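So the chains spell out like this:
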Amino acid sequence: MSLRQTYLSRKDQLPAGAEAVLVMRGRGNDELAPPQELLDEFNAWKAKFAPDSGYPTAFHFAWQKTDYERRFRAHILGNPKAVARLGELAARATCGDVFLICYEGEDKPCHRRLLLTLAAEMFGADVDASPLSPADGAS
């Protein structure tokens, strides 16, 4: 029983009884999604990516150029509704697995992992950031 993460195309592979919480804009948990301004800036940097940039992908390039981690953390910590919602999810994860889900695959940095870190720091949540695997009971 822990707070976990995966991406949308794996949602149908969650273990039986696990709770799925979509943390993308427009999916009912906007307080845990990145702010639109940060997303827009991120996408603008992705468009500027060049293979000789020293970053493995446009995604990694944009993550660094936008200072995504610091800005997203500040966004969540500055939003009482986001903090309260994250606390609720951390509490629910004491009784069963709760998966935070967004679009990005496992090979990219993602705000859902930042949410797990914040939940552990702020609420002492038991988190498991490892990728979903067949051993989880997924079919």
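What you see is a predicted model; the values in this text were computed from it and never measured. (Residues numbered from 1 in each chain as written. Predicted model: local features only at pLDDT ≥ 70, side-chain atom pairs only at ≥ 80, totals over all residues. Heavy atoms only, no water.)

S.K.: Break down helix α5 (residues 111–123) for me, citing the residues and quoting the values.
M.R.: Compared with the 18 Å implied by 1.5 Å per residue over 13 residues, the 18 Å span of α5 between its first and last C-alpha is a close match. For α5, the set of buried residues is H111, R112, R113, L114, L115, L116, L118 and A119. As for α5, its buried residues are in contact with β1 (3–7), α2 (58–65), α3 (68–77), α4 (80–92), β3 (98–102) and β4 (127–128). Immediately downstream of α5, the backbone of G124 shows phi near 65°, a positive value. (Helix = DSSP H or I, 4+ residues; strand = E, 2+ residues; numbered from the N terminus. Expected span 1.5 Å × (residues − 1). Buried < 20%, exposed > 50% of the residue type's maximum accessible area, 1.4 Å probe, protein only. Contact = heavy atoms within 4.5 Å.)

S.K.: Outline the environment of L22, listing residues and values.
M.R.: Looking at where L22 falls in the secondary structure, it is placed in strand β2 (residues 19–22). With 11 residues separating them along the chain, L22 and A33 place their C-alpha atoms 8.9 Å apart. With sequence-adjacent residues up to four places away left out, L22 is seen in contact with L8, K11, R27, N29 and I101.

S.K.: Let's hear about the packing of α3 against α5: which residues, and what values?
M.R.: With their axes 10 Å apart at the nearest point, α3 and α5 run at an angle of 55° to one another. Classed by the angle they form, the pair α3 and α5 counts as oblique. Along this stretch, α3 crosses α5, giving a crossing that reads as right-handed. Of the residues in α5, those in contact with Y68, E69, F72, R73, I76 and L77 of α3 are H111, L114, L115, T117, L118, E121 and M122. Here the contact of α3 with α5 is built from residues that sort into 8 nonpolar, 2 polar and 3 charged. (Axes fitted to C-alpha atoms, helices over the stretch in contact; angles between N-to-C directions. Parallel < 35°, antiparallel > 145°, perpendicular 65-115°, else oblique. Left-handed = near helix turned anticlockwise from the far one by under 90°. Nonpolar A, V, L, I, M, F, W, Y, C, P; charged D, E, K, R; others polar.)

S.K.: Explain the sheet that holds β4 to me, using residue names and the numbers behind them.
M.R.: With parallel pairing, 4 strands are arranged side by side in an open sheet as β2-β3-β1-β4. Looking at strand neighbours, the two that pair on one side only are β2 and β4, the edges of this open sheet. Its contacts with the sheet put α5 on β1, β3 and β4, and the angle it makes with β1 is roughly 175°. (Pairing = 2+ DSSP bridges.)

S.K.: Can you lay out unusual backbone geometry for me, pointing to particular residues and giving the numbers?
M.R.: Even without being glycine, D67 reaches a positive phi, approximately 55°. Counting through the fold element by element, D67 comes out in the loop between α2 and α3.

S.K.: Please set out the packing of helix α1 (residues 36–47) against α3 residue by residue, giving values where relevant.
M.R.: Two numbers describe how α1 lies on α3: the axes approach to 11 Å, and their chain directions differ by 170°. On the basis of the axis angle, α1 is roughly antiparallel to α3. The residues of α3 that touch α1, namely those facing E37, L38, L39, E41 and F42, are Y68, R71 and F72. Looking at the contact of α1 with α3 residue by residue, the classes come out as 5 nonpolar, no polar and 3 charged.

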